[in-house]
Amino acid sequence: MIEFERFPSPCYILEEELLRNNLRLIRQVADRAEVEIILAFKSFAMWRTFPVFREYIDHSTASSVYEARLALEEFGSKAHTYSPAYTEADFPELMRCSTHITFNSLSQFHRFYPLTLQHPEKISCGLRINPEYSEVETELYNPCAPGTRFGITADLLSEELPQGVEGFHCHTHCESSSYELERTLQHIETRFSRWFPQIRWLNLGGGHLMTRKDYDTEHLIRLLQGLKSRYPHLHIILEPGSAFTWQTGVLTSEIVDIVESRGLRTAILNVSFTCHMPDCLEMPYQPVVRGAQMGEEGPYTYRLGGNSCLSGDYMGIWSFDHELQIGERIVFEDMIHYTMVKTNMFNGIHHPAIAMWDREGEAHIFREFHYEDYRDRMS
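Residues numbered from 1 in each chain as written. Predicted model: local features only at pLDDT ≥ 70, side-chain atom pairs only at ≥ 80, totals over all residues. Heavy atoms only, no water.

Novice: Hey, could you go over unusual backbone geometry for me, with residue numbers and the actual values?
Specialist: Residue P10 is bonded to the preceding S9 through a cis peptide linkage, with omega at 0°. Within the secondary structure, P10 is located in the segment before β1 (11–15). One non-glycine residue, R262, lies in positive phi territory at about 50°. Summarising the element assignment, R262 is placed in the loop between β11 (249–261) and β12 (264–269). Accessibility expressed as a relative area gives 89% for R262, which makes it exposed. (Helix = DSSP H or I, 4+ residues; strand = E, 2+ residues; numbered from the N terminus. Buried < 20%, exposed > 50% of the residue type's maximum accessible area, 1.4 Å probe, protein only.)

Novice: Quick one: what's the story with the side chain of T252, residue by residue and with numbers?
Specialist: Here T252 lies in strand β11. Take T252: its relative accessible area is 0%, and that puts it in the buried class. Residues in contact with T252, not counting those within four places in the same chain, are F4, P8, S9, P10, C11, I13, V271, R329, I330 and V331. (Contact = heavy atoms within 4.5 Å.)

Novice: Now, about the packing of aromatic side chains: what can you tell me, with residues and values included?
Specialist: All chains considered together, the criterion is met by 20 aromatic pairs. On the numbers, 5.9 Å between centres and 75° between planes, the contact of F168 with F192 is edge-to-face. In this pair, F168 sits in strand β8 (residues 165–169) while F192 sits in helix α6 (residues 178–192), placing the two residues 24 residues apart along the sequence. Taken together, the ring pairs in this structure connect F41, F44, F50, F53, F75 and F244 into an aromatic cluster. The aromatic ring of Y314 is capped on one face by R303, whose charged end is 4.0 Å from the ring centroid. (Phe/Tyr/Trp six-rings, centres within 6.5 Å; stacked < 30°, edge-to-face > 60°. Lys NZ or Arg CZ within 6 Å of the ring centre and 35° of its normal.)

What is shown is where atoms sit, not what they do.
So this is what it looks like as structure tokens:
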């Protein structure tokens, strides 16, 4: 159990043993299915923990120059890189930091692929494909929504792929199940399998939430084994983000005031939903609060409010079994994936510290933020 008094407030706290549990499961899936599973930095980029990751996986995926540099310089291996668009200014650095580069469009491929031929080290190039099928219901997170800017549909490819295309990359999921993957694979194979003999690898993207308790990992393994048996020459890659750090840590906060307006009590915290938990407002994603439940069923109900000046910086109605007090800790569960990488300093709000509770019961404070961090971002 985390000893919260050993950490500053507010603070993101990763639990090493929970992380290792997820990594062990992911490694087992990769080994049994004979596929490669790599870490997507867009979900998690807490580089101080990368030595733990490297005990279980070898590579990561990047979507920008900074992520690609993080892969090379901190993760210790070059990235599998995909971006919706590359620029002449960024591409040389991306080549330096990447083993694989996926292009979002044929025009981008034709524009930048010749540069990879001049690079001293081999870079494997691929195309992002769009199977025009996704079961993601929230359009904000649906990469195959009508009119999407992501990927190439089958009708845009000629029978012979452009010289230099060695792989396909496809991303259609968001915290999805293996059964959604099964249906997606049917669409991918129907539309694109005729080109599979011309490529060497197939990247099935992210969104495979294999560490969720109700996820059927045995079904996933069978699916991937079946795919491998049908196309034994293909190297299959998955690049989940959330699965690696699903339910591995918390965001701690504390109550700084309690206000009441027309019978509605709001506990104002020293964190902000818009700054520190943006998915709660964008998705909207309903976080779990330790020791509380959503709704008005309990004896003491409060709205939880952030400390920015945005009017909508609040979340739900929560029921507690006791009267809340100023100075009391409020703990938001499962706040390590995506939440940390999407934070911002709107209003100059104090940024939560970043820390880890290791498996020996030691507290490691990796980073605390100060005025200079805000000032330098605004310069």
